[in-house]
Amino acid sequence: MGCLFCNIVAKKIPAEIVLENEHVLAFKDVNPQAPSHALVIPKQHLTAIAEATREHAALLGETMLAAREVAEKLGLTESGYRLVVNNGADGGQSVFHLHVHVLGGRQLGWPPG
Ligand code: DGP
């Protein structure tokens with residue numbers, strides 16, 4: 001079956017797409033933790049931020065800029081939002097294709113649970 005998020009990029013698994021360009025895809029999280037919750041992923045498979053090297057610098061930049069654009073599209077720029085990257089077991093990562101969570105639409109707590 002391969003990687004779940006690679007299958008979403010390949011449109012083999014449906015998702016509610018918020019933004020797509022040459023480098024990244026953004027779609028609504030299937031299990032939202034806030035009124036607005038989207039995921040931004042590089043189309044190129046990268047397991048986790050822990051696996052990133054300088055070679056991925058441009059791709060990571062594209063992913064972060066896309067997260068900013070997604071937040072704007074979701075109407076979160078004025079009220080504020082949070083970008084989250086979970087890494088590994090203690091970080092709570094459950095899908096091993098790098099993704100940036102874009103969360104907003106309510107007051108978010110700190111520190112996270
Ligand atoms: P993380 O725990 O940081 O690895 O987040 C993975 C997120 O992916 C989690 O919030 C739920 C979401 N997710 C898992 N499977 C699917 C899916 O098939 N479609 C969509 N849209 N989101 C998914």
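Predicted model, so just to flag it, every value in this text is computed and none were measured.

Engineer: Would you explain the site of the ligand in this entry?
Structural biologist: Neighbouring the ligand are 15 residues, the closest being Asp 29, Asn 86, Ser 94, His 99 and His 101. Between Lys 28 and the ligand, the recorded distance is 2.9 Å, taken from a backbone N or O atom to a nitrogen atom. Contact between the ligand and Ser 94: an oxygen atom at 2.6 Å from a main-chain N or O atom of the residue. Contact with the protein chains removes 82% of the 510 Å² of surface that the ligand exposes when unbound. For the shell around the ligand, the secondary structure elements donating two or more residues are helix 1 (4-9) and strand 2 (24-28). Ranked by residue count, the leading element in the shell around the ligand is helix 1, at three residues.

Engineer: How should I be thinking about the state of the cysteines in this particular structure?
Structural biologist: Across all of its chains, the model carries zero disulfides by this definition. Free cysteine: Cys 3, not disulfide-bonded; nearest cysteine sulfur from Cys 6 at 3.8 Å.

Cut-offs and rules
Residues numbered from 1 in each chain as written. Predicted model: local features only at pLDDT ≥ 70, side-chain atom pairs only at ≥ 80, totals over all residues. Heavy atoms only, no water. Near = heavy atom within 4 Å. Polar contact = N/O pair within 3.5 Å; in protein donor to acceptor, adjacent residues only side chain to side chain. Areas by Shrake-Rupley, 256 points an atom, 1.4 Å probe, with all protein chains shown as cover. Helix = DSSP H or I, 4+ residues; strand = E, 2+ residues; numbered from the N terminus. Disulfide = S-S within 2.5 Å.

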